[in-house]
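# Fold and geometry: a report
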2 protein chains.
Amino acid sequence: MRIDNLQYCNWSEKVFRQMREGGVDAVHVTISYHENFRETVLNFEAWNRWFEHYPDLITKGLWASDIDRAKADGKIVIFFGFQNPSPIEDDIGLVEIVHTLGARFMQLTYNNQSLLATGCYEDDDTGITRMGRQVIKEMNRVGLVVDMSHSADRSTIEAADISERPIAITHANPHDWHPALRNKRDDVIRAVTSNGGMLGFSLYPHHLRGGTNCTLQSFCEAIARTAEQYGTDKIGIGSDLCQDQPDSVVEWMRVGRWSKEIDYGEGSAANPGFPPQPGWFRDNRDFGNIETGLRDTGMSEDEVAGIMGRNWYRFYAENFGPAS
Amino acid sequence: MRIDNLQYCNWSEKVFRQMREGGVDAVHVTISYHENFRETVLNFEAWNRWFEHYPDLITKGLWASDIDRAKADGKIVIFFGFQNPSPIEDDIGLVEIVHTLGARFMQLTYNNQSLLATGCYEDDDTGITRMGRQVIKEMNRVGLVVDMSHSADRSTIEAADISERPIAITHANPHDWHPALRNKRDDVIRAVTSNGGMLGFSLYPHHLRGGTNCTLQSFCEAIARTAEQYGTDKIGIGSDLCQDQPDSVVEWMRVGRWSKEIDYGEGSAANPGFPPQPGWFRDNRDFGNIETGLRDTGMSEDEVAGIMGRNWYRFYAENFGPAS
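Every value quoted in this text rests on a predicted model; they were computed, and no experiment measured them.

Procedures and definitions
- Residues numbered from 1 in each chain as written.
- Chains lettered and ligands numbered in written order.
- Predicted model: local features only at pLDDT ≥ 70, side-chain atom pairs only at ≥ 80, totals over all residues.
- Helix = DSSP H or I, 4+ residues; strand = E, 2+ residues; numbered from the N terminus.
- Rg over C-alpha atoms; globule rule 2.2 N^0.38 Å.
- Buried ≥ 20, exposed ≤ 12 C-beta atoms within 10 Å, placed from the backbone.
- Contact = placed C-beta atoms within 7 Å.
- Core = buried A, V, L, I, M, F, W, Y, C linked by C-beta atoms within 7 Å.
- Least-squares fit on C-alpha atoms with pLDDT ≥ 70 in both.
- Pairing = 2+ DSSP bridges.
- Right-handed = clockwise from strand over helix to strand, strands pointing away.
- Nonpolar A, V, L, I, M, F, W, Y, C, P; charged D, E, K, R; others polar.
- Axes fitted to C-alpha atoms, helices over the stretch in contact; angles between N-to-C directions.
- Left-handed = near helix turned anticlockwise from the far one by under 90°.
- Parallel < 35°, antiparallel > 145°, perpendicular 65-115°, else oblique.

## Focus on the overall build of chain A
A count of helices and strands for chain A gives 11 helices and nine strands. For 324 residues, the compact-globule formula gives about 20 Å, and the C-alpha radius of gyration of chain A, at 18 Å, lands near that figure. Residues classed as buried in chain A amount to 49% of the 324 residues present. Nonlocal contacts in chain A, meaning residues at least 24 apart in sequence, comprise 70% of its contacts between residues at least 6 apart.

Structure representation (structure tokens):
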């Protein structure tokens with residue numbers, strides 16, 4: 001079983017067919033960066049059209065068990081998530097509404113301060129806000145997973161502690177492997193994983209040691225070492241694949257509507273666009289390379305299977321439904 | 001089994017307990033008169049709160065089978081509907097979105113011309129519009145039932161013909177029993193029922209022969225006669241009960257935001273508010289009276305059971321899911 005727990009591609013039949021070619025069973029796709037509720041609903045609508053147009057290729061995912069059903073039919077299951085809490089605006093009642101529509105992950109922040117928590121690019125991290133505490137409780141109740149990939153350290157550690165259910169860092173790597181601002185320090189990963197949470201390894205070049213030139217071996221050894229440190233069952237993939245997107249999209253991610261000035265995020269004025277993927281992970285077709293690379297580190301078949309998909313499957317099974 | 005296919009009460013624990021007292025298993029409740037999409041979502045949210053506050057009394061209904069499940073637990077199932085297409089605004093993609101959120105009936109018009117069809121109070125009825133044809137097709141696809149209770153005759157007959165699945169008049173009575181503008185003529189009822197559709201008998205006094213003074217016998221005999229004419233399996237109850245509502249609510253129904261002048265609808269300047277209910281149907285507690293009244297007309301137990309709930313149950317089972 002192969003699950004990629006974060007993608008934001010420029011969706012097309014080509015991309016869906018490449019998922020199948022790469023043996024991908026399920027993908028958690030971002031459907032909102034800075035969109036408000038109504039705009040996010042338009043994105044749900046756009047996905048409804050994809051499902052209607054390609055019923056033999058893709059199907060909407062609500063529960064882990066949808067993966068079993070779809071696997072039998074040869075379809076890829078698409079789960080939805082938000083990279084920002086903008087879709088719930090200032091209305092806690094929207095948490096259940098977006099869950100009903102299919103959202104399964106929601107970041108509490110995207111780089112900046114939000115109504116709920118502090119983002120990883122702010123100078124000061126004031127932790128989870130008053131509304132943030134209420135929203136985490138409501139997300140726990142309905143089964144919408146807290147994602148802290150783009151959040152600041154204190155906020156992330158507090159979220160892991162406040163949340164009564166496991167949270168996730170869907171797409172980031174360990175800071176001690178590659179000290180990017182978005183990668184996570186030991187105490188952050190520990191807070192998340194020791195509370196049952198998961199870390200999804202990112203393949204976005206700015207998160208990789210050596211960037212585009214990162215080797216498959218270096219990436220897989222980082223996974224193996226991290227699995228050893230925090231538990232093999234706590235690690236998965238969240239590739240952050242942004243295939244076929246024009247650079248205007250990375251600009252939308254970075255500045256949304258919050259600034260009139262350009263912010264280069266993890267890029268720079270000299271390198272403002274999407275960086276090229278490493279040759280061994282061009283797109284969905286290359287998940288087999290990662291599986292091979294993981295085996296080459298000496299991990300067991302069972303550990304490799306967990307990281308390639310079974311760990312996310314179990315996490316989905318335990319965390320997408322209402323609290324029992 | 002007792003199903004009331006239309007209510008718009010001022011919801012409270014008292015009303016829910018009265019449903020149970022009256023042996024009501026399921027109710028289709030209106031959650032939008034003139035609300036736009038975002039406002040309708042607030043109404044879904046308000047209902048989520050009711051379900052959270054009274055988990056032992058009520059539960060959200062999506063499918064007919066929810067009634068069986070809830071009956072075993074002693075809960076009343078609440079199904080949602082709109083009396084106007086205002087919640088989908090001018091966006092056909094919202095049809096699937098509101099269905100996912102739980103909407104199961106949508107009127108194409110509420111008294112006035114809409115984007116989709118003509119309402120029963122307009123001078124000229126131009127039938128189903130261009131967008132109306134598209135929306136009916138989409139409603140058919142996802143399983144959102146077309147309701148023509150407040151629509152004009154030609155529009156209703158066209159909707160019954162265009163729709164590839166049965167449609168409903170959820171709450172209205174035969175015009176030849178009581179010639180109110182909102183009650184339906186023979187050719188209209190025939191178009192709906194001959195295409196597999198249903199007529200829900202209303203207990204709103206303006207729809208009753210003699211108004212508030214209508215007798216139980218007159219009401220039940222009208223049902224019996226209508227059942228004989230169009231098929232016993234095509235008739236149910238849609239009481240239009242608006243219990244505990246202030247008169248400001250009937251004004252909202254009648255003028256929404258479309259007029260600065262008051263429109264009295266079925267009332268008058270002398271009688272502008274909600275008329276009092278007949279003594280034999282004060283509220284949900286009195287469904288037993290109707291059942292007794294139907295028996296007294298000489299209908300069989302089987303026919304009575306159909307009208308009191310089984311017919312709507314079958315209709316729900318056949319029409320709330322995606323087209324097969």
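And the narrative resumes.
## Things to note about the nonpolar core
Where a protein is soluble and globular, its nonpolar side chains tend to be buried together. If you look at the biggest cluster of nonpolar residues, it comprises 166 residues, and the most contacted ones within it are A:Ile76, A:Ala159, A:Ile223, B:Ile76, B:Ala159 and B:Ile223. If we skip the residues at most four places from it in the chain, A:Ile76 touches A:Phe16, A:Met19, A:Arg20, A:Val24, A:Asp25, A:Ala26, A:Val27, A:Leu57, A:Ile58 and A:Ala70.

## Things to note about unusual backbone geometry
Trans peptide bonds make up the majority, and among non-glycine residues the majority have a negative phi. Look at A:Glu89: it is not a glycine, yet its phi comes out positive at around 50°. Structurally, the position occupied by A:Glu89 is in the loop between β4 (76–82) and α4 (93–101). Despite not being glycine, B:Asp240 has its phi angle at roughly 60°, a positive value. By the secondary structure assignment, B:Asp240 is in the loop between β9 (235–237) and α9 (247–255).

## A short note on the environment of B:Gln18
Within the fold, B:Gln18 resides in helix α1 (residues 13–21). A tally of 18 C-beta atoms within 10 Å means that B:Gln18 is categorised as partly exposed.

## Let's talk about the environment of B:Ala224
All names here are of chain B. Tracing the sequence through the fold places alanine 224 in helix α8 (residues 216–230). Taking C-alpha positions, alanine 224 is 29 Å from isoleucine 162, a pair spaced 62 residues apart along the chain. Aside from chain neighbours lying at most four places away, what touches alanine 224 is Thr297 and Met299.

## With respect to the environment of B:Gly210
Residue and element names in this part refer to chain B. Turning to its location among the elements, glycine 210 is positioned in the loop between β8 (198–201) and α8. Given 12 C-beta atoms within a 10 Å radius, glycine 210 is considered exposed. Between the C-alpha atoms of glycine 210 and proline 278, which are 68 residues apart in sequence, the distance is 9.8 Å.

## Regarding the relation of the copies chain B and chain A
Laying chain B over chain A is done by rotating through 180° and shifting 0.0 Å along the axis; what remains is an RMSD of 0.0 Å. A rotation of that kind, with that shift, is consistent with a two-fold axis. Comparing interface residues between copies, 100% of those in chain B also sit at the interface in chain A, which points to an isologous, same-surface contact.

## What about the pairing of strand β1 (residues 3–7) of chain A?
Residue and element names in this part refer to chain A. The element β1 is largely enclosed, with a buried count of five among its five residues. Of the strand pairs in this sheet, β1 and strand β2 (residues 26–32) are connected by three bridges, and their pairing is parallel. The residue of β2 that forms the bridge with isoleucine 3 is alanine 26. Regarding topology, helix α1 (residues 13–21) serves as the crossover connection from β1 to the parallel β2, and that connection is right-handed.

## Overview of the interface of chain B and chain A
On the side of chain A, 10 residues touch chain B, which itself brings 10 residues to the contact. Its residues assigned to classes, the side of chain B that touches chain A shows four nonpolar, three polar and three charged.

## Some thoughts on the packing of helix α8 (residues 216–230) of chain A against helix α10 (residues 287–296) of chain A
Residue and element names in this part refer to chain A. Direction vectors running N to C along α8 and α10 enclose 65°, while the axes themselves pass 9 Å from each other. Crossing angle aside, the handedness with which α8 passes α10 is right-handed. Taken together, the residues of α10 that come into contact with α8 (itself represented by Leu216, Gln217, Phe219, Cys220 and Ile223) are Asn289, Ile290, Gly293, Leu294 and Asp296. Broken down by class, the residue content of the contact of α8 with α10 amounts to six nonpolar, three polar and one charged.

## A look at the packing of helix α2 (residues 37–53) of chain A against helix α4 (residues 93–101) of chain B
With their axes 9 Å apart at the nearest point, α2(A) and α4(B) run at an angle of 100° to one another. Here α4(B) runs roughly perpendicular to α2(A), going by the angle between their axes. Counting all contacts with α2(A), which are made through A:Val41, A:Phe44, A:Glu45 and A:Asn48, the residues of α4(B) involved are B:Gly93, B:Glu96 and B:Ile97. Among the residues forming the contact of α2(A) with α4(B), the class breakdown is three nonpolar, two polar and two charged.

These results come straight from atomic positions and should not be treated as a statement about function.
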